[in-house]
Amino acid sequence: MIVTTRKHSYFVNDLATVELGSTVLDLKKNQMYMHLVPVVSVTSVEELTNAIADGGNVNITEDIDALTAFEVKVDTVITNNSVITVSEDTVGDGVFMVTNGTLTLDGKGTINGLGKNDYSMAIWAKDNGKVVINDGYFTNVGATTENDPSHFDLIYASGNA
């Protein structure tokens, strides 16, 4: 038997057990359980905002430049192979501001905290938010501020995050 997964696979007593998200195949018990979570592909600020509000699995397929941070309040897995930027942000909440739930970041894309504020963060985990970074490129190169041009926070956690 050949099994390929993104999450886990292992053998117990010569029988394979496979876990794919919330899918479990256990040949020892001769049972398969599946709860499939659809992957939502997004190409715009509006689609990404709505997908993050709903949580689940999100695949970013086009470069996106938003005016303000994308606020994550529920468990969300983002696969990013594009460039996500918040270049006009004057508030300083980052590209992704995680206030609750877990944001998991996959993919080889770029998250660019290129705001016009004192922080220019790519990721800000705050309150009860949690962030898991599996891959990607994070930057704020080219960020500018008049108040403190030598200080930027790229990936930041505060509160209980």
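Reading the values: rules and limits
- Residues numbered from 1 in each chain as written.
- Predicted model: local features only at pLDDT ≥ 70, side-chain atom pairs only at ≥ 80, totals over all residues.
- Heavy atoms only, no water.
- Phe/Tyr/Trp six-rings, centres within 6.5 Å; stacked < 30°, edge-to-face > 60°.
- Helix = DSSP H or I, 4+ residues; strand = E, 2+ residues; numbered from the N terminus.
- Buried < 20%, exposed > 50% of the residue type's maximum accessible area, 1.4 Å probe, protein only.
- Lys NZ or Arg CZ within 6 Å of the ring centre and 35° of its normal.
- Pairing = 2+ DSSP bridges.
- Axes fitted to C-alpha atoms, helices over the stretch in contact; angles between N-to-C directions.
- Contact = heavy atoms within 4.5 Å.

**Student:** Just to check I follow, could you spell out the packing of aromatic side chains for this structure?
**Tutor:** The relation between two aromatic rings is expressed through the spacing of the ring centres and the mutual angle of the planes. Per the stated rule, a full pass over the model turns up two aromatic pairs. Taking 5.8 Å as the distance between ring centres and 35 degrees as the angle between the ring planes, the aromatic pair formed by Phe70 and Phe96 counts as tilted. Pair noted here: Phe70 is in strand S8 (residues 70–72) and Phe96 is in strand S11 (residues 96–98), with a separation of 26 residues, a long-range link. Overall, the relative accessible area of 4% leaves Phe70 in the buried class. Measuring from ring centre to ring centre gives 6.4 Å for Trp124 and Tyr156, while their planes differ by 65 degrees; the resulting arrangement is edge-to-face. Of the two residues, Trp124 is situated in strand S14 (residues 123–125) and Tyr156 in strand S17 (residues 155–157); the sequence distance between them amounts to 32 residues. The exposure class assigned to Tyr156 is partly exposed, which follows from its relative accessible area of 36%. When the ring centre of Trp124 is taken as origin, the NZ or CZ atom of Lys126, which lies over that ring, is 4.4 Å away.

**Student:** Which parts of the structure should I look at to understand the pairing of strand S9 (residues 76–80)?
**Tutor:** Across the five residues of S9, four count as buried, placing the element largely inside the fold. Where strand S6 (residues 56–60) and S9 come together, five bridges link them in parallel fashion. Among the inter-strand pairings, Val58 is bridged to a residue of S9, identified as Ile78. Judged from the four bridges that link them, S9 and strand S12 (residues 102–106) form a sheet pairing that is parallel. Within S12, the residue paired with Val77 across the bridge is Thr104.

**Student:** Which parts of the structure should I look at to understand the sheet that holds S6?
**Tutor:** On the basis of which strands lie adjacent, the open sheet formed by five strands has the order S5-S6-S9-S12-S15 and parallel pairing. Unpaired on one side and paired on the other, strand S5 (39–42) and strand S15 (130–133) mark the two borders of the sheet. Averaged over neighbouring strand pairs, the angle between their axes works out to 20 degrees when direction is ignored. Sitting on the sheet, helix H1 (residues 45–54) touches S5, S6 and S9, and the angle it makes with S5 is about 160 degrees.

**Student:** Sorry, what's going on with the sheet that holds S14 here?
**Tutor:** What holds strands together in a sheet is hydrogen bonding between their backbones, with the strands either parallel or antiparallel. What the four strands build is an open sheet, ordered S8-S11-S14-S17; its pairing is parallel. A single partner strand is all that each edge strand has here, and the edge strands are S8 and S17. Taken pair by pair, the neighbouring strands of this sheet meet at an average axis angle of 15 degrees, ignoring direction. The sheet strands contacting H1 are S8 and S11, and the helix crosses S8 at an angle near 10 degrees.

Worth remembering: the numbers are spatial, not functional.
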